[in-house]
Amino acid sequence: MKAVTFDEHGGLEVLKFGEVDTPEPGPGEVRVAVEACSLNYHDVFTRRGMPGIKTPLPMIPGCDAAGRVDAAGAGVEGWRHGDRVLVDPVQWTDDGRIQMIGDTRWGAYAEYVIVDARQLITLPDQVSAIDASCLPVAYGTAHRMMFTRGGVKAGETVFVLGASGGVGTCCVLLAKQAGAHVIAAAGSAEKCAALEALGADESVDYSTTDIAAFTRQRTGSLFSGGGWDVVVNFTGGDTWVPTLRMVKMGGRLLTCGATAGFDPATDIRFIWTAEMDIRGSNGWKRDDLASLLAMVADGRLKPVVDKVLPLSEGAEAMRLLEDRQFFGKIVLAP
Ligand SMILES: NC(=O)c1ccc[n+]([C@@H]2O[C@H](COP(=O)([O-])OP(=O)(O)OC[C@H]3O[C@@H](n4cnc5c(N)ncnc54)[C@H](OP(=O)(O)O)[C@@H]3O)[C@@H](O)[C@H]2O)c1
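How each quantity is defined
Residues numbered from 1 in each chain as written. Predicted model: local features only at pLDDT ≥ 70, side-chain atom pairs only at ≥ 80, totals over all residues. Core = buried A, V, L, I, M, F, W, Y, C linked by C-beta atoms within 7 Å. Buried ≥ 20, exposed ≤ 12 C-beta atoms within 10 Å, placed from the backbone. Domains from an automatic or database assignment. Contact = placed C-beta atoms within 7 Å. Nonpolar A, V, L, I, M, F, W, Y, C, P; charged D, E, K, R; others polar. Helix = DSSP H or I, 4+ residues; strand = E, 2+ residues; numbered from the N terminus. Arc of directions from axis to C-beta. Pairing = 2+ DSSP bridges. Right-handed = clockwise from strand over helix to strand, strands pointing away.

1. Brief notes about the nonpolar core
And then number 1: Membership of the largest hydrophobic core comes to 96 residues, with the highest contact counts inside it found for Val113, Val160, Cys171 and Val172.
And then number 2: Per-domain counts for this core show at least three residues from each of domain 1 (2-134 + 303-332) and domain 2 (138-280).
And then number 3: Residue contacts for Cys171: discarding those within four places in its chain leaves Ala142, Met146, Val160, Ala163 and Val232.

What follows is the structure, encoded as structure tokens:
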């Protein structure tokens, strides 16, 4: 099969596009013919190598796959050749280990991917493979962070940092659906305009504007009721302390990642003074994916797809992601 692979960690130059042996499904496994695979920043972290995570090499990146059942291994029941499926990227093994495609198992920048049959979710006819492939990692995580962990409600003010990417655009869409007032923050005027077109009530370009100063100017000082009810920050790095200053008294700071660095400086004065809750959120549950699929099927949610590229342009797709030259999701269609 054709696939994008890397056999050492590094920059974009380690990615290769070519032929590898088509993998055979083992007992309990299914081979899925990939019709769409969306990119996530996780793919960049996996390619570079993440502290504490051992990536078996060579690796095929790609966590988010939708397609059709191609072949089944021994003992698989209930799935037929050609069934339309979405893959839940994560599967716990019976002995308590976490397995994830595009991370600890070969992923979906490929014509085929092998998964445990328990990872398959039936794809409703109304949902295209491209839209479905946007859901698990980015949208599933946004869904859990905003609702299960974050408890975002109608009437609240929600500030989303890094709003132009996969998780970010979904946070904007879900917060609007919940009836919140959404302030979307992104790295260019063009992305801010696109976020307002998507439904954000306000936007701020952090390449030209200090977001903490913007917040104080818009809402006043902490002691006079200033700040936002909910601030979403999965960027980390130098953005962490400014966002601590932006949470309203008794508000929540939500995080699920750290694109710009996981060990930033902090300033705990703001945590106690604002009596804020800092809530972490990790990944998704099956319920999150079921809710998202239902929303896409009945038209309440339309994933934001910037580009669909052929598999041969997998390295270029990753370049666009890493260089922040995209809005929403980039999808590969093998
Ligand atoms: N814990 C989990 O289960 C989980 C699941 C999904 C994602 N995550 C994490 O959440 C974060 C976002 O993921 P994603 O897939 O939505 O990423 P993405 O699509 O690449 O979007 C991230 C956005 O953040 C902004 N950004 C700010 N500083 C950046 C920097 N130094 N480098 C790159 N982008 C930067 C960029 O927007 P501008 O160009 O507008 O600045 C970019 O579009 C990642 O850290 C990811 O690992 C965690």
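2. Some words on the domain arrangement of the protein
And then number 1: By the assigned domains, the protein splits into domain 1 (2-134 + 303-332) and domain 2 (138-280).
And then number 2: Just the C-alpha atoms count here: the centres of domain 1 and domain 2 sit 29 Å apart.
And then number 3: Residues of the side of domain 1 that touches domain 2, tallied by class, amount to five nonpolar, two polar and two charged.

3. Notes on unusual backbone geometry
And then number 1: Note that the residue after Leu57, namely Pro58, is joined by a cis bond; omega there is 0°.
And then number 2: Relative to the elements of secondary structure, Pro58 occurs in the loop between helix 1 (41-48) and strand 4 (64-72).
And then number 3: Positive phi, normally seen in glycine, also occurs at Glu275, with a value near 45°.
And then number 4: The residue Glu275 is located in the loop between helix 8 (268-273) and strand 15 (277-280) in this model.
And then number 5: One non-glycine residue with positive phi stands out, namely Arg324, at about 60°.
And then number 6: Position of Arg324 among the secondary structure elements: in the loop between helix 10 (314-322) and strand 17 (329-332).

4. A short note on helix 5 (residues 189-198)
And then number 1: Considered for burial, the residues of helix 5 that qualify are Lys191, Cys192, Ala194, Leu195 and Leu198. Taken down its axis, helix 5 places every buried residue within 160° of arc, on the same side. Exposed residues pointing more than 90 degrees away from the buried face of helix 5 are listed as Ala189, Glu190 and Ala197.
And then number 2: Looking at the buried side of helix 5, the elements it contacts are helix 4 (166-177), strand 11 (181-186) and strand 12 (202-205).
And then number 3: One or two steps after helix 5, the chain reaches Gly199, where phi turns positive at roughly 130°.

5. Overview of the pairing of strand 17
And then number 1: Going residue by residue along strand 17, you find Lys329 and Val331 tucked away on one face and Ile330 and Leu332 tucked away on the opposite face as well.
And then number 2: The pairing of strand 3 (residues 29-38) with strand 17 spans two bridges and is antiparallel. Each residue of the ladder has a partner; that of Ser38, found in strand 17, is Val331.
And then number 3: Sheet analysis places strand 16 (residues 305-309) next to strand 17, joined by four bridges and oriented parallel. Paired with Leu309 across the strands is Leu332, a residue of strand 17.
And then number 4: For the handedness criterion, the β-α-β arrangement of strand 16, helix 10 and strand 17 is classed as right-handed.

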